[in-house]
Amino acid sequence: MTKKIIIANWKMNNSFDEAEIWLHNFSKKLPGIKENLEIVLCPSFILLDYLDGLLMDEELQRLQKLHGNIDELSEDELEKKIFNVRQIHLGGQDCHAEKNGAFTGDVSAIMLKDCGCEYVILGHCERRQYLNESDQLIAGKVSAAIDANLTPILCIGESKELRQNNSCLDFIGKQIENNIPVNLEIDNLIIAYEPVWSIGTGLVPTIKEIEEIAKFIKSKISANKNIKNFAILYGGSVKKENSAEILAINNIDGLLVGGASLKADEFFEIVKA
Ligand code: PGA
């Protein structure tokens, strides 16, 4: 993937009002930034459809300004056109491995697609840790995302102990093998390298450490001939002060941002980097 990808993971934050204000503040600055950038917003499930509506309206106004008369287009054509030029894309924070069924409280990949999502975060360490998500379960979710035509943002990363024991590469290699089903044909995949000890702590690996892991991930994923395109992101305590430096690391194609994505101004500074 040639574009840089910057993803905002809002986690369990932001009300409808807060989300609308965020979008308003962020969008008004967007025309000033470069085009070769993919911005993905991952809010809580309940905000997805609402934000999708706001983003479509905003683009409709932009399109009207650019092209004047768009009345001849059918509703479907118009929707497709708007979707293609949209600057902010949406992603879910998780999905279920099954298409539908008696799974109270869960959301399927197809439902995410229906809300305007193009991406879904899977295997985030908070879900691995607090909800005991296993590698097997995550592999099922990756399959479900691909079936629904969503790009999985697969999160992997080591604990502090593994880093101290020098066992990172082994662990990350196994996560990749176990979380990506062997024969699954994948057009687009995002791997987010997120060391568990770095998430929300203010601690960030050194440039050399990130570079080593990114190189390793690249070689591992490239060896899987079923994966056509992939991007490698870094996530964990990214903020405006360190984003440019991390983005410049070899084989790092973007960032996954948690805490610092909650303020539109700060997230914009990261995107600008
Ligand atoms: P953080 O979170 O940026 O707040 O460290 C990143 C993440 O959990 O994806």
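A brief structural summary. Within each chain, residues carry numbers counting from 1 in the order of the written sequence. For this predicted model, a pLDDT threshold of at least 70 governs which residues receive local features, and a threshold of 80 or more governs which side-chain atom pairs are given and counted, while totals over whole chains, interfaces and linings are taken from all residues. Only hydrogens and water are set aside when side-chain values are computed; all heavy atoms of the structure are taken into account.

Turning our attention to the packing of aromatic side chains. Working definition: rings of Phe, Tyr and Trp (its six-membered ring) pair if their centres are within 6.5 Å, and the pair is stacked with planes under 30 degrees apart, edge-to-face with planes over 60 apart, and tilted otherwise. Following the criterion strictly, the structure yields seven aromatic pairs and no others. Here Phe26 and Phe267 contribute two aromatic rings whose centre-to-centre distance is 5.5 Å and whose plane-to-plane angle is 35°, an arrangement assigned as tilted. Here Phe26, found in helix H1 (residues 16-27), pairs with Phe267, found in helix H11 (residues 264-272); they are 241 residues apart in sequence, far enough to count as distant. As far as the burial class goes, Phe26 and Phe267 line up, both buried. An aromatic cluster of at least three residues, connected via ring pairs, comprises Trp10, Trp22, Phe26, Phe267 and Phe268. The lysine or arginine in question, Lys160, covers the ring of Trp197, its NZ or CZ lying 4.3 Å from the ring centre. The way it works is that DSSP assigns letters per residue, a run of H or I at least four long becomes a helix, a run of E at least two long becomes a strand, and they are numbered from the N terminus. Any residue under 20% of the maximum accessible area for its type is buried, any over 50% is exposed, and the rest in between are partly exposed; the area is computed with a 1.4 Å probe on protein chains only. In this scheme, the term charge over a ring applies when either NZ of a lysine or CZ of an arginine sits within 6 Å of the ring centre and within 35 degrees of the ring normal.

The next point concerns unusual backbone geometry. Positive phi outside glycine occurs at Asn132, with the angle close to 50°. For Asn149, which is not glycine, the phi torsion reads 65° and is therefore positive. Its relative accessible area of 58% is what places Asn149 among the exposed residues.

It is worth spelling out the pattern of salt bridges at this point. A carboxyl oxygen of Asp or Glu within 4 Å of a side-chain nitrogen of Lys or Arg is what we treat as a salt bridge. Per the stated rule, a full pass over the model turns up 15 salt bridges. The partner of Lys29 in a salt bridge is Asp265, and the shortest N-O contact between them spans 3.2 Å. Placement of Lys29 in the loop between H1 and strand E2 (37-42) and of Asp265 in helix H11 is noted, with a sequence separation of 236 residues between them. A single salt-bridge network, built from bridges that share partners, covers Asp94, Arg127, Glu133 and Lys141.

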